[in-house]
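# Breakdown of the fold
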Amino acid sequence: MAILRVERFWLVVPKEEEAKLLELFKIFPRIHWERTRHIETQSSRYSAHLSRIEETFRIILELFPNKKNLLESFFAGREEIDEKQFRALLKEISWKKLYRTAKWAERALENLKRRKERLEQLIPEIKFWSQLDCPLDFPRNFERYHLISGTMTKKNFEVFLKQVNDLLDESWVWSTQDKKDVKCILLVNKQNVEKIERTLQKLEFSFRKIPYLKSNPIESIKRVEKSLENVEKAKERVLKKASLLNEKIKNLQAWYDHFLSKALEEKTVEFQHTTTYFVAYTGWIPTIDKQQFIDLLERKISQYGFESREPLQDEEPPVILHNPRFIKPFEFLTKLYGMPKYNGVDPTPYVAPFYLIFFGICLGDVGYGLVQLILVRWIKKAFKPERGAKELLDLLQVLSFPSILVGLLTWSFFGSQPFLGPDGKFLGIFPLVNPTGELMKALSIALFIGVFSQMYALVLRMISGFKTKDYKTAIYDGLFWLVFFASLLAYFGLQLLTGRPYKIFLYTLVGSALGLILTQGRDKKNIFSRIVVGVISLYGIVGAYGISSFVGDVLSYSRLFALNLVGSVFGSVITQLAQMVKGLPVLGWVMFALIWIGGQLLNYVLSALSAFVHSTRLQFLEMFGKFYGGGGGAFTPYPFEGKYFKVRK
Amino acid sequence: MLGLSIALIGAALGAAFGAIGSAKGVGMAGEAAAGVLAEKPELFGTVLILQALPGTQGFYGFIGAFLILLRLGILGGNFPELTIAQGLTVFAVSVPLIFGLFVSAIWQGKASVAALQMIAQRPQTTGQAIIIPALVETYAILSLITSIILLFFGVKL
């Protein structure tokens with residue numbers, strides 16, 4: 001029973017019982033509600049509160065960057081607290097106070113930042129005029145005169161003096177020179193300004209303002225630096241005051257969860273049919289939970305009406321997978337691909353053993369398998385993951401065992417093969433197969449697994465065809481291909497091995513080939529084109545399958561061998577590299593440990609990622625592709641839960 | 001010694017092209033990854049995996065070169081005398097690495113970029129998104145296997 005039976009139900013209560021019913025839904029989450037309408041809740045009070053709290057989180061994160069590590073951000077679940085503690089968190093401080101503090105701190109820091117920028121800009125401007133030995137608060141605007149200040153090259157300055165010599169009669173010029181440039185201040189008669197400025201522009205004069213300050217440049221710089229120090233101090237004061245936010249982040253998270261649950265409650269109106277006096281709900285409930293739900297209704301609600309029935313033929317009930325404990329982790333993969341249809345077959349238990357083999361071979365190493373097992377156990381304990389993260393970890397935990405097993409069979413420990421006897425074996429037994437030494441043997445095993453799993457996928461296609469009463473698919477696209485490939489392999493295999501194949505396989509081969517030729521083009525009306533399509537589809541250009549697809553799919557399994565090889569070769573390279581530095585004096589062993597541990601961890605992570613991705617690919621394409629289409633909707637209970645806390649009732 | 005030089009150039013090119021392809025692939029995915037993270041920093045874990053996927057070709061190139069050195073006995077400290085024909089045969093071993101790894105890493109990078117855009121819009125499709133670029137890697141693996149088979153069955157020393 002891999003897909004749980006569900007029933008459609010209707011529940012009617014008087015309006016005054018609505019609140020009680022809502023509480024009941026919270027403690028009984030295994031219900032898939034059907035939406036009856038869509039309500040826009042953006043404008044609701046709670047969503048406004050939520051967005052303000054989110055803004056506060058954002059500000060806190062900017063002020064006090066979070067030190068969450070990668071594992072934590074990936075796997076950490078919600079903190080578990082009881083309801084009393086949760087209430088206490090809400091009572092301790094109001095979210096509005098925290099929000100106001102955050103906004104105040106943000107504004108204050110923004111102002112300080114701008115002030116700092118202005119002051120920092122001022123320093124080079126003052127330094128530019130450091131040769132001026134007078135207070136910089138002299139007047140800038142005059143009735144008859146115009147002040148020009150800036151810099152140009154020495155050469156151009158001389159040219160300038162020559163060119164405008166006659167205009168400078170009534171002017172005052174101050175200049176100072178270094179090796180290349182001249183800094184100058186000109187006080188010129190307003191009548192001549194245009195001409196002089198034009199000349200200056202031609203001579204690439206760069207205009208520079210003199211900052212207006214009460215003291216001379218050297219003193220001004222000291223004062224600006226003092227102001228900058230003050231800005232830093234003010235910033236520290238603001239941060240100190242705002243540290244309250246960081247201390248009370250848990251309270252804020254509790255407030256967030258509080259409003260989130262209110263907003264979710266508010267949204268339950270989407271599931272309601274309401275009349276003047278009654279509220280009705282409809283949804284799906286697993287048949288095994290029905291009685292428990294009715295008992296609960298009986299105890300908590302004084303008046304109610306409950307009706308339920310089996311799903312109708314044309315309905316598409318939500319799908320909830322239900323497998324034994326050791327198969328359950330593999331549901332993660334089925335969900336990743338897409339849920340089966342309610343009346344279909346859950347492929348999880350059928351393909352799980354193959355996934356174990358795939359992953360086990362790809363990451364076939366005792367060391368890496370153990371690392372994975374220990375790592376998963378530790379992450380689970382340390383971060384208490386939930387939902388998807390937990391499912392992934394459960395899967396990885398199961399997958400460490402085949403990795404260890406394959407590692408034993410190939411006698412691989414972090415890519416090395418220790419304790420080998422003179423015959424190249426440990427105790428004369430291990431490795432049973434040595435992928436680095438016996439390439440062809442290892443490759444053949446991978447391809448054999450390919451052939452076997454392809455046959456198996458055809459069997460599954462046949463079974464799923466029979467189960468969904470699609471007999472044509474079951475026989476024509478399942479059974480015929482199965483017999484065809486089995487006979488082909490048996491006949492030619494025996495001929496290769498013994499030179500004397502059994503005739504019976506030739507008959508089944510021809511029989512199934514004829515069957516395929518007659519049926520693979522069955523959607524063509526013309527008998528001639530039907531047969532032509534049938535013949536071509538044996539090869540595999542058209543139609544659902546064919547010899548070429550079979551060969552391609554089987555070859556695809558060679559990745560099992562390649563990934564195993566890559567993992568163990570890289571592991572042994574790391575060990576060799578680390579051993580090179582072991583002989584160094586003093587730090588030799590430390591460096592050995594650092595290189596070895598770091599390198600092996602890196603290799604584990606890369607190998608595990610490859611193993612996961614490629615095993616998943618083999619399952620999705622080479623296996624699911626033959627018999628499984630997905631297409632069902634998942635059974636999704638309404639999430640009355642908070643984002644940060646798991647509250648024990 | 002010319003034979004050995006040709007063989008070593010082949011091994012080096014195999015490793016180098018794998019690394020170049022991976023660097024480009026991971027780099028392209030990295031640009032897209034940064035874009036996704038700017039909007040959705042909580043997707044860091046997934047984004048990291050998608051960015052890392054085109055990186056494996058670099059390792060395959062390294063493994064290929066390593067196996068060639070192993071087969072030639074150089075890792076054991078021997079420098080075998082190879083004829084030019086033998087050197088060229090070893091060079092041929094690297095050809096699938098040079099082309100297969102280089103090109104597949106770049107295309108895997110492109111597929112990763114597309115997958116990153118996919119999770120940026122719909123984070124719940126993470127699982128599928130990781131599979132898409134992984135399909136390209138098949139050809140890198142096939143290249144490596146071809147090279148390994150050539151190396152151990154096609155080269156006579």
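Residues numbered from 1 in each chain as written. Chains lettered and ligands numbered in written order. Predicted model: local features only at pLDDT ≥ 70, side-chain atom pairs only at ≥ 80, totals over all residues. Heavy atoms only, no water.

### Section: the nonpolar core
With 79 residues, the main nonpolar core has Phe-358, Phe-359, Leu-560, Phe-561 and Phe-612 of chain A together with Tyr-60 and Leu-72 of chain B as its most contacted residues. Of the residues forming this core, the biggest block, 10 residues, is contributed by helix H20 (residues 558–582) of chain A. When neighbours within four sequence positions are excluded, Phe-612 of chain A is seen to be in contact with Phe-332, Leu-333, Tyr-355, Phe-359, Leu-392 and Leu-395 of chain A. Ranked by size, the runner-up nonpolar core spans 73 residues in total, among them Leu-50, Ala-108, Leu-136 and Leu-296 of chain A. (Core = buried A, V, L, I, M, F, W, Y, C linked by side-chain atoms within 4.5 Å. Buried < 20%, exposed > 50% of the residue type's maximum accessible area, 1.4 Å probe, protein only. Helix = DSSP H or I, 4+ residues; strand = E, 2+ residues; numbered from the N terminus. Contact = heavy atoms within 4.5 Å.)

### Quick notes on the layout of surface pockets
Residue and element names in this part refer to chain A. Its volume calculated, the second largest pocket comes out at about 380 Å³. Lining the second largest pocket are 16 residues, and of these Ile-361, Val-406, Leu-409, Ile-445 and Ile-449 sit closest to its centre. Every element with two or more residues in the lining of the second largest pocket is listed here: helix H12 (348–362), helix H14 (387–409), helix H15 (439–467) and H20. The residue makeup of the lining of the second largest pocket, split by class, is 14 nonpolar, 2 polar and no charged. (1 Å grid on protein atoms, 1.4 Å probe; cavity = no way out; pocket = protein on both sides within 12 Å on 5 of 7 lines; lining within 4 Å. Points joined across faces, edges and corners; volume = space filled by probe spheres on them. Nonpolar A, V, L, I, M, F, W, Y, C, P; charged D, E, K, R; others polar.)

### Focus on the environment of Leu-4 of chain B
All names here are of chain B. Position of Leu-4 relative to the elements: it lies in helix H1 (residues 2–39). Separated by 75 residues in sequence, Leu-4 and Phe-79 place their C-alpha atoms 8.0 Å apart. Apart from residues no more than four positions distant in its own chain, Leu-4 is found in contact with Leu-72, Ile-74, Phe-79, Pro-80 and Leu-82.

### As for the pairing of strand E4 (residues 145–153) of chain A
All names here are of chain A. The pairing of E4 with strand E6 (residues 181–189) spans 9 bridges and is antiparallel. Pairing of Tyr-145 across the sheet is with Asn-189, part of E6. Across 2 bridges, E4 lies against strand E7 (residues 206–207) in antiparallel orientation. Residue Thr-151 lies in a different strand from E7, and its bridge partner there is Ser-206. (Pairing = 2+ DSSP bridges.)

### Overview of the pattern of salt bridges
Residue and element names in this part refer to chain A. Applying the stated criterion across every chain, the model contains 32 salt bridges over all chains. The residue Asp-394 makes a salt bridge to Lys-390 at a minimum N-O spacing of 3.1 Å. You can see Asp-394 and its partner Lys-390 sitting in helix H14, 4 residues apart, about one turn around the helix. Using a relative accessible area of 38% as the deciding quantity, one classes Lys-390 as partly exposed. Bridged by salt links that share partners, the residues Glu-55, Arg-58, Glu-62, Lys-103 and Glu-106 form one connected network. (Salt bridge = Lys/Arg side-chain N within 4 Å of Asp/Glu carboxyl O.)

### Notes on helix H2 (residues 45–63) of chain A
All names here are of chain A. Taking 1.5 Å per residue, 19 residues should reach 27 Å; H2 reaches 27 Å between its end C-alpha atoms and fits that length. The set of residues buried in H2 consists of Tyr-46, Ser-47, His-49, Leu-50, Ile-53, Thr-56, Phe-57, Ile-59, Ile-60 and Leu-63. Buried residues along H2 sit in contact with helix H5 (95–128), helix H8 (217–247) and helix H9 (249–267). (Expected span 1.5 Å × (residues − 1).)

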